[in-house]
Amino acid sequence: MVFTRRPAAVLTAIVAACAMAISLTACTTDANSQDTADDQTTVTSSAPGVVAMFTPSDGITLNQQTPLNKWAKLTPNLTKALTSAGFKKGDISHTTSDSLDKQSRAIQDYVVNHLSGSNTTDDAGIVISPDNITLLVAPVVEADASTRQYGDYVSQELSTADTAEGSDSTDSSDSSNSSDSSDSSTGSDSTDDSSSDTSKTAGDSKNAAQAEAVDRLVSSLKLAKESGMHVVLMGNSIKGYKPDAFVRFSDAQAIGKLQAEKIVSKLELSKASKDNPKYIEVLMPYTAVDESGEASDSTFVQEAFRGIWQVLGAYYQKGVVESPSGTLNGNSTEDDWQSVAYDASKEGSTAKVLDARLAKADEHASPTRIDGIIAMNDYIASEVVTELDDLGYTGSAADINPQITISGIVGNITGKKDLSRSDVPDPIKSPEKDDSADSTDSADTQDDSTATDKTDKTKDSQWPLVTGYGAYVSNIPSIVNGKQWMTGIEDRQTLAENIAEACALLNKGQTLTSMSSVRNTEVGGKKKVPTISGPLLAVSASNLKVTLIDPGYISLADAGL
């Protein structure tokens, strides 16, 4: 009996142990989601996984003026947000490229290497499954001189190979026609045509290289998605390509709309009247011809003006806003961008345009009254500030609210005091149009007239609101002293946090529907693409500490303090 019971007890114990082991194994599998094969551990969707970032190298800004909207400024925020979301630093890589050709090759190499089995383990030697990898890609695009002034995040679209090939075909035909013409021309004309042919050949070669780079990039990204990797495009879309998610940064329309909305609010245009209108000028810097001598794409400037006109158009039509230069009026439409556009590539062009628009009636007259100038970006805003000073305008944006002084602004920024605000009374009728207070006393009338004259001249020479975009570090002191009233910037930290959350969800095989910052939009011609976006930040002296200094975007020294 003893020998019979003992084996039974042992067998029972073994079965119990096996059951426990199986249970523990199941728990371990559920917790870590790991598969073991050939002495390698493959991490699956429950682990944070890997994020590979591919961004353009930062562009060169004019006169060393540097906007805060730069890729080099965003990537540290992204890295910090990703680590906070659970990603290991060793599992976050970053590659920069100064051309689409180099970037497409880098992405191709990354994808092929991971799919071929090489370079597929993290720093702990754990093999990374493709569905635990997210590629964050900001495609390299060529920005013209005027677009570059807004920073690196302005959204643009890459053309696909099909579009480029169509362009090449046209160029080839033109080149052939040029060659035929050259055969029947004189020696002098032949030389000119030869130079033209050389230029076209160079252009054809560049277009072909661009088309090849786009094709390589799209093929690599498609291969990545087919293998299980996730692709998130940042800033720039690709025509005809649908990523897993898209990060929409600033676009032309949003930049124009932001500045117009802030002007409306600050000048209280809802209270303005025809008898005492506000005077606003819109400057639309535009590079008419690119570096190769070809006409530049005007899409950006058209969209920027559309954003402005959607806000200001109604006020011009009501007659409560006027343009001193007459470039815009109640009959203008959102298609009249050319009336306020000018070639900003020429040195001193902004000063010349502003001088012409604010021309005095005669040399003894006071400056032309102007309440606001939309300069579009900080580079242009800095030129506007210099020219306004030369034209004799005095004061600052702080004078529009008398209870806010420059010392009060500085005190607020350095944390010594809070700003108090009150509305500035602005008569419904301008003094020169108000005839309701007739006086029978001629001496009093003369005194009143003299006082009104002085008031008018002071009002005419008062410093206007000047808006910009890009948060150029070199312009921050002008914002502090009120010469430039406001600028704009991307909310980098919030965007970085949202991108990191999206990467974590994608690597877990989850959708982005739970994210409040995500909505489906059309991207690159493809519908229902989950799109991460956020409102632009408007920065002025009153909130500069909260928006720029506290988050660490700039220092007190950058602000000239």
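All values reported here derive from a predicted model rather than from experimental measurement.

### Describing the overall build of the protein chain
And then number 1: Each helix and strand counted, the protein chain has 15 helices and 20 strands in total.
And then number 2: Residues classed as buried in the protein chain amount to 43% of the 561 residues present.
And then number 3: The long-range share in the protein chain, meaning contacts at least 24 apart out of those at least 6 apart in sequence, stands at 74%.
And then number 4: In the structure as shown, the protein chain presents an accessible area of about 27,500 Å², 49% of it carried by carbon and sulfur atoms.

### Focus on the nonpolar core
And then number 1: Grouped together as the largest cluster of nonpolar side chains are 39 residues, with contacts concentrated most on M284 and L312.
And then number 2: Elements supplying a minimum of two residues to this core: α7 (252-267), β11 (278-282), β12 (284-286) and α8 (299-318).
And then number 3: With 10 residues, α8 is the single largest residue contributor to this core.
And then number 4: By size, the runner-up hydrophobic cluster in this structure holds 30 residues, among which are I92, V247, A504 and L505.

### Some remarks on α7
Note on helix geometry: an α-helix contains 3.6 residues per turn, so any two residues three or four positions apart are oriented the same way.
And then number 1: Taking 1.5 Å as the rise per residue, α7 with 16 residues should run 22 Å; its terminal C-alpha atoms sit 23 Å apart, in good agreement.
And then number 2: Regarding α7, the residues found buried are A252, I255, G256, L258, Q259, A260, I263, V264 and L267.
And then number 3: Looking at the buried positions of α7, the neighbouring elements they touch are β11, α8, β15 (372-374), β16 (465-467), β17 (486-489) and β20 (537-540).

### Re the pairing of strand β19 (residues 526-532)
And then number 1: The pairing of strand β10 (residues 245-247) with β19 spans 2 bridges and is classified as parallel. From the neighbouring strand, F246 faces β19, where its bridge partner is T531.
And then number 2: Here strand β18 (residues 518-523) runs beside β19; their pairing, made up of 5 bridges, is antiparallel. Bridging from a neighbouring strand, V523 pairs with K526 of β19.
And then number 3: Adjacent in sequence and paired antiparallel, β18 and β19 are bridged by 2 residues, among which G524 carries a positive phi angle near 60°.

### Here's the deal with the pattern of salt bridges
And then number 1: Applying the stated criterion to the full structure yields 12 salt bridges.
And then number 2: Residue K271 pairs with E268 through a salt bridge whose shortest N-O separation is 3.8 Å.
And then number 3: A residue is classified by how much of its surface remains accessible, and K271, at 52% relative accessible area, is exposed.
And then number 4: E281 is paired through a salt bridge with R357; the nearest N and O atoms lie 3.0 Å apart. Here E281 is found in strand β11, whereas its partner R357 is found in helix α9 (residues 349-357), with 76 residues between them in sequence.
And then number 5: Take R357: its relative accessible area is 9%, and that puts it in the buried class.

### Here we look at the packing of α9 against helix α10 (residues 378-390)
Describing two packed helices takes the angle between their axes plus the distance from one axis to the other.
And then number 1: The N-to-C vectors of α9 and α10 enclose an angle of 50°; their axes lie 9 Å apart at closest approach. By the angle between their directions, the pair α9 and α10 is classed as oblique. Note that α9 runs across α10; the crossing there is right-handed. Note on element contacts: α10 touches α9 through I380, E383, V384, E387 and L388, opposite T350, A351, L354 and D355.
And then number 2: Of the residues in the contact of α9 with α10, the class split is 5 nonpolar, 1 polar and 3 charged.

### With respect to the environment of Y153
And then number 1: Looking at the secondary structure, you find Y153 in the loop between α4 (145-148) and β7 (157-158).
And then number 2: The exposure class assigned to Y153 is buried, which follows from its relative accessible area of 1%.
And then number 3: Between the C-alpha atom of Y153 and that of F249, which follows or precedes it by 96 residues, the distance is 5.8 Å.
And then number 4: Apart from residues no more than four positions distant in its own chain, Y153 is found in contact with L68, N69, K70, W71, K73, L74, F249, S250, E490 and R492.

### Topic: the confidence of the model for the protein chain
And then number 1: With 70% of its residues at a pLDDT of 70 or more, the protein chain shows a mean pLDDT of 79.
And then number 2: Mean pLDDT across the secondary structure elements of the protein chain bottoms out at strand β1 (residues 34-37), with 39, and peaks at β15, with 98.
And then number 3: Note that pLDDT drops below 50 for residues 162-191; the model gives that stretch 22 contacts with residues more than four away or on any other chain.

### Concerning the sheet that holds strand β4 (residues 92-97)
And then number 1: If you trace the 7 strands from one edge of the open sheet to the other, you get β4-β3-β6-β8-β10-β19-β18, paired in mixed fashion. If you trace the sheet from one side to the other, it starts and ends with β4 and β18, each paired once. For this sheet, the mean inter-axis angle between neighbouring strands, taken without regard to orientation, is 30°.
And then number 2: Bridge count for strand β8 (residues 230-234) against β10 is 3 bridges, and the pairing is parallel. Bridge pairing links L233 to F246 in β10.

### Observations regarding unusual backbone geometry
And then number 1: Even without being glycine, A471 reaches a positive phi, approximately 50°.
And then number 2: If you trace the backbone, A471 turns up in the loop between β16 and α13 (476-480).
And then number 3: With a relative accessible area of 0%, A471 lands in the buried category.

### So, α8
And then number 1: With 20 residues, α8 extends 28 Å between its outermost C-alpha atoms, agreeing within 8% with the 28 Å of an ideal straight helix rising 1.5 Å per residue.
And then number 2: Taking the largest bend as the criterion, α8 deviates by roughly 50°, centred on L312.
And then number 3: Two residues or fewer past α8, G319 is found with a positive phi of approximately 85°.

### Some details on the packing of aromatic side chains
And then number 1: This model, assessed by the stated rule, comprises 8 aromatic pairs.
And then number 2: Their ring planes at 65° and their centres at 5.1 Å tell us that W71 and Y153 sit as a pair that is edge-to-face. Highlighted residues: W71 in helix α2 (residues 71-84) and Y153 in the loop between α4 and β7, separated in sequence by 82 residues.
And then number 3: Taken together through their ring pairs, the aromatic side chains of W71, Y153 and F249 make up a single cluster.
And then number 4: Stacked on the ring of Y315, the Lys or Arg K318 has its end atom at 5.7 Å from the ring centre.
And then number 5: The ring of W463 carries K483 above its face, with NZ or CZ at 4.0 Å from the centroid.

### Here we look at a nonpolar patch on the surface
And then number 1: A grouping of V112, L115 and L223 is seen on the molecular surface, where their side chains present a nonpolar patch of about 210 Å² in accessible area.
And then number 2: Inspection of the secondary structure assignment puts V112 in helix α3 (residues 100-115).
And then number 3: Since its relative accessible area comes to 41%, V112 is described here as partly exposed.

Conventions we followed
Residues numbered from 1 in each chain as written. Predicted model: local features only at pLDDT ≥ 70, side-chain atom pairs only at ≥ 80, totals over all residues. Heavy atoms only, no water. Helix = DSSP H or I, 4+ residues; strand = E, 2+ residues; numbered from the N terminus. Buried < 20%, exposed > 50% of the residue type's maximum accessible area, 1.4 Å probe, protein only. Contact = heavy atoms within 4.5 Å. Areas by Shrake-Rupley, 256 points an atom, 1.4 Å probe, with all protein chains shown as cover. Core = buried A, V, L, I, M, F, W, Y, C linked by side-chain atoms within 4.5 Å. Expected span 1.5 Å × (residues − 1). Pairing = 2+ DSSP bridges. Salt bridge = Lys/Arg side-chain N within 4 Å of Asp/Glu carboxyl O. Axes fitted to C-alpha atoms, helices over the stretch in contact; angles between N-to-C directions. Parallel < 35°, antiparallel > 145°, perpendicular 65-115°, else oblique. Left-handed = near helix turned anticlockwise from the far one by under 90°. Nonpolar A, V, L, I, M, F, W, Y, C, P; charged D, E, K, R; others polar. pLDDT = per-residue confidence, 0-100. Bend = angle between axes of the 7 residues up to and from the residue. Phe/Tyr/Trp six-rings, centres within 6.5 Å; stacked < 30°, edge-to-face > 60°. Lys NZ or Arg CZ within 6 Å of the ring centre and 35° of its normal. Patch = residues over 30% accessible without salt bridge, like charges linked within 9 Å, V, L, I, M, F, W, Y side chains within 5 Å.

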